[in-house]
Amino acid sequence: MNMKGVCVLSTGGTGGHVLPCIALATELNDIGWEVIIFSDVRGLQYLDQNSNAYSIVLVNISSETASLRKKCIELSHQIPLAALRVGRIIARKKPKFVVGFGGVSTFPILLMSILLRVPLFIQEQNAVLGRVNRLFQRFSSKVFCHFSNTLFLDPKKSLNTGNPIRNKVLEKSNSQYLDPGPWPITLLVLGGSQGAVLLSEVVPSSIAALSKKIQERLTIFHQARKDDIERVLTVYGNMGIRAYVQPFFEDVERLISEAQIIICRAGSSTLADISIVGRPAILIPLKHAKDDHQLSNARMFAHGGAAIVLEEGPNLTEELSKNLRLILKSPSKARAMANQVLGQGKPNASKNIISAIEAHFGEKNASY
């Protein structure tokens, strides 16, 4: 295969930024691009450091939550140092283009792409354009988005491609769905990288309010923080429920495909995966997400009955229990939600993005 050249993808922070980056990197490499991913320390947990599809460059930018004053002090020296290092690498490798996936750690890479006149593209996963992406969209050639009505997005720059999806998830596309009924039921709880604490409190309490007959049929796969695992297991154990509680599930795509119901936050990557497989979901958006983007994600995603959205509040446990009972007792509703959510899926996102990038360089239909 003739190599097309070098390209840079910049990501970091949460899985919502990094997982689509990995999906696009893999697709780019498959058609002949040499891919370099710039990521912060948090993003490394999602990246395969032995991958043949991409190489990794660590960017020393902190994306951890901190006070505004502390964050400003840290970034005031981290960004200039990172920009100088990144600039040397870009000048040496001469990438044909740069794609930014959002997050503060992408700032120096996007800045240097502008200063060194490397064409810049942005991929926005959420229903609200992220702050770094918002700043750099005026300098970008295109902004690839998942939601057509993304807030703060310049319609002249935008292209509704969808969020890139990993091959493992695509292999489960439109998997056969088993309606809930008088047989074993699998419930999947995904807290995401930032919002697992509340779900570890609310979900077991809502399950406890269900009838013993329902509890006996449940098997629960629950993503929780390490500090919460023992407590959550104890609560489920006291109810006699089969439960598997872990901080991270390696085969989450299989668990999504086997679940009758999913309870999760409204992170973009999780929603994109669910829409590809097609499963009923109860969404509990992270209340303190930046710009309240998870609530926007959830509302757009749930349009037309594709999911149920519950906001954090004093009655959340009761509301969750009520809606779980509703879905479990109505197989037709569960199936309707599963069918509706499939309409949100965009399995060709990576191909759409690559086609648009190559078209920008005059390589129309070069790869797809």
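Note: the structure precedes this text.
The structure displayed is predicted, hence computed values, not measured ones.

A.B. asks: Is there a simple way to explain the nonpolar core in this structure?
C.D. replies: Nonpolar side chains tend toward joint burial in soluble globular proteins. If you look at the biggest cluster of nonpolar residues, it comprises 35 residues, and the most contacted ones within it are I207, I220, Y236, L320 and L324. Of all elements in the fold, only β8 (185–190), α7 (196–208), β9 (218–223), α9 (229–238), β10 (242–246), β11 (261–264), α13 (316–328) and α14 (331–342) reach the threshold of two or more residues within this core. Residues contacting L324, with those up to four places away along its chain left out, are L187, S206, I207, L210, I261, I263 and I282.

A.B. asks: Would you take a moment to explain the layout of surface pockets for this structure?
C.D. replies: To locate leftover empty space, one rolls a probe as large as a water molecule over the atoms. One number sums up the size of the second largest pocket: a volume of about 150 Å³. Split by residue class, the lining of the second largest pocket holds three nonpolar, six polar and one charged.

A.B. asks: What is the right way to look at the sheet that holds β8 in this model?
C.D. replies: Strand pairing in a sheet is mediated by backbone hydrogen bonds. Such pairs are either parallel or antiparallel. Taken in spatial order, the six strands line up as β10-β9-β8-β11-β12-β13 in an open sheet, and their pairing is parallel. The open sheet has two free edges, formed respectively by β10 and β13 (308–309), since each of these has just one partner strand. Bridge count between strand β12 (residues 281–283) and β13: two bridges; the pairing is parallel. By the bridge assignment for β13, L283 is matched with V309. The strands that α9 touches are β9 and β10; relative to β10, the one it contacts most, it runs at about 170 degrees.

A.B. asks: What exactly am I supposed to notice about the pattern of salt bridges here?
C.D. replies: Between side chains of opposite charge, a pair can form when the charged atoms approach closely. Within the structure shown, the criterion is met by 14 salt bridges. E258 is the partner of R254 in a salt bridge, and the nearest nitrogen-oxygen pair spans 2.9 Å. Placement of both R254 and E258 in helix α10 (residues 252–258) is noted, with a separation of four residues, approximately one turn of the helix. Owing to a relative accessible area of 36%, E258 belongs among the partly exposed residues under this scheme. Close ionic contact of R265 with E312 constitutes a salt bridge, the shortest N to O distance being 2.9 Å. Separated by 47 residues along the polypeptide, R265 in the loop between β11 and α11 (268–277) and E312 in the loop between β13 and α13 bring together distant segments of the chain. Each of R131, R134 and D291 takes part in salt bridges that share partners, so that together they form one network.

A.B. asks: Would you explain the side chain of S10 in this entry?
C.D. replies: When you line up the elements, S10 lands in strand β1 (residues 5–10). Note on S10: relative accessible area 0%, which makes it buried. Setting aside chain neighbours within four positions, we find S10 in contact with F38, V99, G100, F101, G102, S105, T106 and I109.

A.B. asks: Would you mind going over the environment of Q223 with me for this structure?
C.D. replies: Structurally, Q223 can be placed in strand β9. In this structure Q223 comes out as buried when scored by relative accessible area, which is 11%. Linking Q223 and S211, residues 12 residues apart in sequence, is a C-alpha distance of 23 Å. When near neighbours in sequence (up to four residues on either side) are disregarded, Q223 contacts V189, L190, G191, G192, A196, Q246, P247, F248 and F249. Within the local environment of Q223, its side chain forms a polar contact with the backbone nitrogen of G191, the two atoms lying 2.9 Å apart. Polar contacts involving the side chain of Q223 include one to the main-chain carbonyl oxygen of P247, which spans 3.3 Å.

A.B. asks: When you look at the sheet that holds strand β3 (residues 55–58) in this model, what are you seeing that I'm missing?
C.D. replies: The strand order across the open sheet formed by seven strands is β3-β2-β1-β4-β5-β6-β7, and the pairing between neighbours is parallel. The two strands at the open ends of the sheet, each matched to only one other strand, are β3 and β7 (158–160). Neighbouring strand axes in the sheet, compared pairwise and without regard to direction, differ in orientation by 25 degrees on average. Pairing between strand β6 (residues 142–145) and β7: three bridges, direction parallel. When the bridges of β7 are listed, C145 appears paired with N160. Most of the contacts of helix α1 (residues 15–30) go to strand β2 (residues 33–39), to which it runs at about 160 degrees, and overall it touches β1, β2, β4 (97–100) and β5 (120–124). Relative to β4, helix α4 (residues 107–115) is tilted by about 150 degrees, and along the sheet it contacts β1, β2, β4 and β5.

Quick notes on the rules
Residues numbered from 1 in each chain as written. Predicted model: local features only at pLDDT ≥ 70, side-chain atom pairs only at ≥ 80, totals over all residues. Heavy atoms only, no water. Core = buried A, V, L, I, M, F, W, Y, C linked by side-chain atoms within 4.5 Å. Buried < 20%, exposed > 50% of the residue type's maximum accessible area, 1.4 Å probe, protein only. Helix = DSSP H or I, 4+ residues; strand = E, 2+ residues; numbered from the N terminus. Contact = heavy atoms within 4.5 Å. 1 Å grid on protein atoms, 1.4 Å probe; cavity = no way out; pocket = protein on both sides within 12 Å on 5 of 7 lines; lining within 4 Å. Points joined across faces, edges and corners; volume = space filled by probe spheres on them. Nonpolar A, V, L, I, M, F, W, Y, C, P; charged D, E, K, R; others polar. Pairing = 2+ DSSP bridges. Axes fitted to C-alpha atoms, helices over the stretch in contact; angles between N-to-C directions. Salt bridge = Lys/Arg side-chain N within 4 Å of Asp/Glu carboxyl O. Polar contact = N/O pair within 3.5 Å; in protein donor to acceptor, adjacent residues only side chain to side chain.

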